[in-house]
Amino acid sequence: MILSISGVVLLGIVVFIFFRKDGLKASHAVVAMLFGFYLASTAIAPSIKAGGESLASLLGGIKF
């Protein structure tokens, strides 16, 4: 578990640098996808899913 969290942190930093440096290119998108897959296998995945569902519910309830 420690190794996968370290990988998630490293890939997160790399994705952040790619966004800041020169936008997101195709090779950067691959790193972002790997980051997502590694993040989904960590213990924080249920919290991220719940937060995403809560945000979707909030945005779905907005009436214009």
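Analysis parameters
Positions within a chain are numbered from 1, following the residues in the order the chain's sequence is written. Local features are withheld for residues below a pLDDT of 70 in this predicted model, meaning they are given only at 70 or higher, and side-chain atom pairs are given and counted only at 80 or more; totals for whole chains, interfaces and linings count all residues. As a convention, hydrogens and water are excluded, and side-chain values are obtained from all of the structure's heavy atoms. Helix numbers and strand numbers start at the N terminus; a helix is a DSSP run of H or I with at least 4 residues, a strand a run of E with at least 2. For each residue, the accessible area found with a 1.4 Å probe, counting protein chains only, is set against the maximum for its type, and the residue is called buried under 20%, exposed over 50%, and partly exposed in between. The method behind every accessible area is Shrake-Rupley, applied with a 1.4 Å probe, and residues are considered shielded solely by the protein chains displayed. UniProt positions are given in the numbering used here, feature names are shortened, and annotations may be inferred rather than shown by experiment. By definition in these notes, contact holds between two residues if any of their heavy atoms fall within 4.5 Å. Nonpolar side chains (Val, Leu, Ile, Met, Phe, Trp, Tyr) are joined into patches within 5 Å and like charges within 9 Å, using only residues with over 30% relative accessible area and no salt bridge. Salt bridge, as used here, is a side-chain nitrogen of Lys or Arg placed within 4 Å of a carboxyl oxygen of Asp or Glu. What pLDDT conveys is the predictor's confidence in a given residue, as a value from 0 to 100.

1. So, the overall build of the chain
Secondary structure assignment for the chain yields three helices and zero strands. Overall, the chain shows an N-to-C arrangement of helices and strands of α-α-α. The 64 residues of the chain split such that 12% are buried. Within the structure as shown, the chain displays about 5,100 Å² of accessible surface, and the carbon and sulfur contribution to it stands at 75%.

2. Let's talk about the UniProt feature "transmembrane region" (unreviewed entry) in the chain
Within this structure's numbering, the places UniProt gives as "transmembrane region" (unreviewed entry) are residues 26-45. Measuring from the first to the last C-alpha atom of residues 26-45 gives 25 Å, for a span that is 80% helix and 0% strand.

3. Structural notes on the environment of His28
Its place among the elements puts His28 in helix H2 (residues 26-40). As for His28 and Ile17, which are separated by eleven residues in sequence, their C-alpha atoms are 9.9 Å apart. Ignoring anything within four residues of it in the chain, the contact list for His28 reads Phe18, Asp22 and Gly23.

4. Considerations on a nonpolar patch on the surface
On the surface, a nonpolar cluster with roughly 530 Å² of combined accessible area is contributed by Val30, Met33, Leu34, Phe37 and Tyr38. Tracing the backbone through its elements, the reader meets Val30 in helix H2. Judged by its relative accessible area of 44%, Val30 falls in the partly exposed class.

5. Topic: the confidence of the model for the chain
Of all residues in the chain, 86% attain a pLDDT of 70 or more, and the chain-wide mean is 75. Taking the mean pLDDT of every element in the chain, the minimum, 71, falls on helix H1 (residues 2-22) and the maximum, 80, on helix H3 (residues 45-60).

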